[in-house]
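# Structure at a glance
Chain by chain, the residues run as shown.
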Amino acid sequence: MRIAIVDYGVGNIRSIENALVRLGVQTIEVTGNINKLKQADGLILPGVGAFGACATSLQSNGLSDTLTELVVGKRKPIMGICVGMQLMADSSLEGGFHQGLGWIPGEIKRIEVEQKLLVPHVGWNEIHISTTNALFSKVASGSHFYFDHSYHYLGEEKYVCATCKYGGQVNVAINSDNIFGVQFHPEKSAFSGLRVFRSYLNWIEHC
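A brief report on the enclosed structure follows.

Analysis parameters
- Residues numbered from 1 in each chain as written.
- Predicted model: local features only at pLDDT ≥ 70, side-chain atom pairs only at ≥ 80, totals over all residues.
- Heavy atoms only, no water.
- Pairing = 2+ DSSP bridges.
- Helix = DSSP H or I, 4+ residues; strand = E, 2+ residues; numbered from the N terminus.
- Axes fitted to C-alpha atoms, helices over the stretch in contact; angles between N-to-C directions.
- Contact = heavy atoms within 4.5 Å.
- Phe/Tyr/Trp six-rings, centres within 6.5 Å; stacked < 30°, edge-to-face > 60°.
- Buried < 20%, exposed > 50% of the residue type's maximum accessible area, 1.4 Å probe, protein only.

### Quick word on the sheet that holds strand β9 (residues 144-149)
Pairing in this open sheet of 9 strands is mixed, and the strands run β2-β1-β3-β4-β13-β12-β11-β8-β9 from one edge to the other. Either end of the sheet is taken by a strand with one partner, and the two such strands are β2 (27-31) and β9. Within this sheet the neighbouring strands show an average axis-to-axis angle of 30°, counted without direction. Pairing of strand β1 (residues 2-6) with β2 involves 5 bridges; the strand directions are parallel. In the strand pairing of β2, Ala4 is matched with Glu29. Sheet strands touched by helix α4 (residues 64-73): β1, β3 (42-45), β4 (78-81) and β13 (179-182). Its angle to β3, the strand with the most contacts, is close to 130°.

Structure, rendered in structure tokens:
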């Protein structure tokens, strides 16, 4: 299996690569090269920092249209992590209005919490798996994952496959066909995170 981690200048790439190595993936490309992305069996889209900066970096590296062609046009599997997941939505209101990739209808808005809670939401939290989903085939509801974010996805319920509680409900995983996204960091979430990666790899193999 050949997995490509999309390199566009942002993201916790090395930790993701190390997690895939632990799971026995023999061919891992950290690349922004269009031909290598086309040759991959599956993609991972990382993201750290502000939505606008990540979206601009994708565009300036000439990857927005290429990824859309591969993911939407050719249905290549992709998993977005943190801001990488947020970029899959239509838009974000972080620091003003920013256009997303538009793969999954919805928008990114700031988490609304009670005054006693701090934003960003940082640390471990348990998730509730709301729908049957290939990404959580090896993970039970109540499993804990590591978070570091101030914004989350808001859209149709049919696209949301996991939530957590932080003041109110926070959507933490989305899916539409071959497109998967998680708000938490599986690469920092110990064995639960490795199980999510393994489920994604198994889904690619099955397809």
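So much for the structure itself; the text now carries on.
### Section: the packing of aromatic side chains
Overall, the coordinates contain 5 aromatic pairs when judged by the stated rule. With 5.9 Å between their ring centres and 70° between their planes, Phe180 and Tyr200 make a pair best called edge-to-face. Of the two residues, Phe180 sits in strand β13 while Tyr200 sits in helix α6 (residues 190-206), which places them 20 residues apart along the sequence. On the numbers, 5.0 Å between centres and 75° between planes, the contact of Phe180 with Trp203 is edge-to-face. You can see Phe180 sitting in strand β13 and its partner Trp203 sitting in helix α6, a full 23 residues away along the chain. A relative accessible area of 2% places Phe180 in the buried class. Judged by relative accessible area, Trp203 falls into the partly exposed class, the value being 21%. Each residue in the set Phe145, Phe147 and Phe184 is aromatic and connected to the rest through ring pairs, giving one cluster.

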